[in-house]
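Each chain, letter by letter, is given below.
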Amino acid sequence: MNSHLFRVICILHSVIALTSGTLMMFYTEKASIFGHGSDIANKLKGSTPHDELLIQISQSFSGLLLFAIGLVLFMVSFVKDRDFHGFFAGGSVVLYVLMALWRVVFEWKIEDLAFECPKQALGDIALAVSWVFFLVYTWREKYD
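As the structure is a prediction and not an experimental result, all values here were calculated from the model. (Residues numbered from 1 in each chain as written. Predicted model: local features only at pLDDT ≥ 70, side-chain atom pairs only at ≥ 80, totals over all residues. Heavy atoms only, no water.)

Caption draft 1: Just the overall build of the chain, in detail. Within the chain, the regular secondary structure consists of 6 helices and 0 strands. In the chain, the order of α-helices and β-strands from amino to carboxyl end is α-α-α-α-α-α. Out of the 144 residues in the chain, the part that is buried amounts to 28%. Of the contacts formed within the chain by residues at least 6 apart in sequence, a portion of 77% connects residues at least 24 apart. Here the chain has roughly 9500 Å² of accessible surface; of this, 73% comes from carbon and sulfur atoms. (Helix = DSSP H or I, 4+ residues; strand = E, 2+ residues; numbered from the N terminus. Buried < 20%, exposed > 50% of the residue type's maximum accessible area, 1.4 Å probe, protein only. Contact = heavy atoms within 4.5 Å. Areas by Shrake-Rupley, 256 points an atom, 1.4 Å probe, with all protein chains shown as cover.)

Quick look at the structure:
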């Protein structure tokens, strides 16, 4: 059962990363409006054409990175080694908690992003909790 649960969680996270990455690469402005709202998206767009181009390229590369992470998660979902499952889940929990911490510590200081920070940090924590549930289920099954 562990293998199936691991695969489901990996594919779920993979679909989230692939979708977000694709939207960020090809629909940068619409993804920014969806994520932050139209007022904040306009403020974050940049003041000069050069700034706008740099920000759009940066967001596209971030989307490409998310897309690559989604592909890696999809490939990892087919690994059958149970020790690797626990290692990967623990690493994912640490990564998501660090992302939430980064959002709270650094994004909180940016005035335009301060209101979005708690929602995004909660999303990171929710993704981490899915891996924590997997670890608890694995440990329960292993030690019962």
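Caption draft 2: The arrangement of the confidence of the model for the chain in detail. Across the chain, the average pLDDT comes to 87, with 97% of residues at 70 or higher. Model confidence for the chain, summarised as mean pLDDT per element, is weakest for helix H3 (residues 38-44) at 78 and strongest for helix H5 (residues 82-105) at 92. (pLDDT = per-residue confidence, 0-100.)

Caption draft 3: Spatial organisation of a nonpolar patch on the surface. Together, Val94, Leu98, Leu101, Trp102, Val104, Val105 and Phe106 line one region of the surface with nonpolar side chains, adding up to about 660 Å² of accessible area. Following the sequence through the fold, Leu98 ends up in helix H5. (Patch = residues over 30% accessible without salt bridge, like charges linked within 9 Å, V, L, I, M, F, W, Y side chains within 5 Å. Salt bridge = Lys/Arg side-chain N within 4 Å of Asp/Glu carboxyl O.)

Caption draft 4: Quick peek at the environment of Ile125. Residue placement: Ile125 occurs in helix H6 (residues 117-143). Along the sequence, Ile125 and Leu98 sit 27 residues apart, while their C-alpha atoms lie 9.6 Å from each other.

Caption draft 5: Just the nonpolar core, in detail. Counting 13 residues, the largest nonpolar core has Phe6, Cys10, Val76, Phe88, Ala89, Trp131 and Phe134 as the members making the most contacts within it. The set of elements that each furnish at least two residues to this core consists of helix H1 (2-26), helix H4 (49-76), H5 and H6. Here Val76 is in contact with Phe6, Cys10, Phe84 and Phe88, once residues within four sequence places are set aside. (Core = buried A, V, L, I, M, F, W, Y, C linked by side-chain atoms within 4.5 Å.)

Caption draft 6: Looking closely at the side chain of Thr138. By the element assignment, Thr138 lies in helix H6. Relative accessible area serves as the criterion here: at 14%, Thr138 is assigned to the buried category.

Caption draft 7: Spotlight on the packing of aromatic side chains. Counting across every chain of the model gives 8 aromatic pairs. Where Phe6 meets Phe134, the ring centres are 5.7 Å apart and the plane angle is 50°; that geometry is what we call tilted. Here Phe6 is found in helix H1, whereas its partner Phe134 is found in helix H6, with 128 residues between them in sequence. The class of Phe6 is buried, set by a relative accessible area of 0%. Between Trp131 and Phe134, the ring centres sit 6.1 Å apart and the planes meet at 90°, which makes this aromatic pair edge-to-face. Taken together, the residues Trp131 and Phe134, both in helix H6 and 3 residues apart, mark about one turn of the helix. Of the two residues, Trp131 and Phe134, both sit in the buried class. Put simply, the rings of Phe6, Phe84, Phe88, Trp131 and Phe134 pair up and form one aromatic cluster. (Phe/Tyr/Trp six-rings, centres within 6.5 Å; stacked < 30°, edge-to-face > 60°.)

Caption draft 8: Representation of the packing of H1 against H5 in the model. As a packed pair, H1 and H5 sit with axes 11 Å apart at the nearest point and diverge in direction by 35°. By crossing handedness, the relation of H1 to H5 is classed as left-handed. For the pair formed by H1 and H5, the contact residues are Asn2, Ser3, Phe6, Cys10 and His13 on the first element and Arg82, Phe84, His85, Phe88 and Tyr96 on the second. Class assignment for the residues of the contact of H1 with H5 results in 5 nonpolar, 4 polar and 1 charged. (Axes fitted to C-alpha atoms, helices over the stretch in contact; angles between N-to-C directions. Left-handed = near helix turned anticlockwise from the far one by under 90°. Nonpolar A, V, L, I, M, F, W, Y, C, P; charged D, E, K, R; others polar.)

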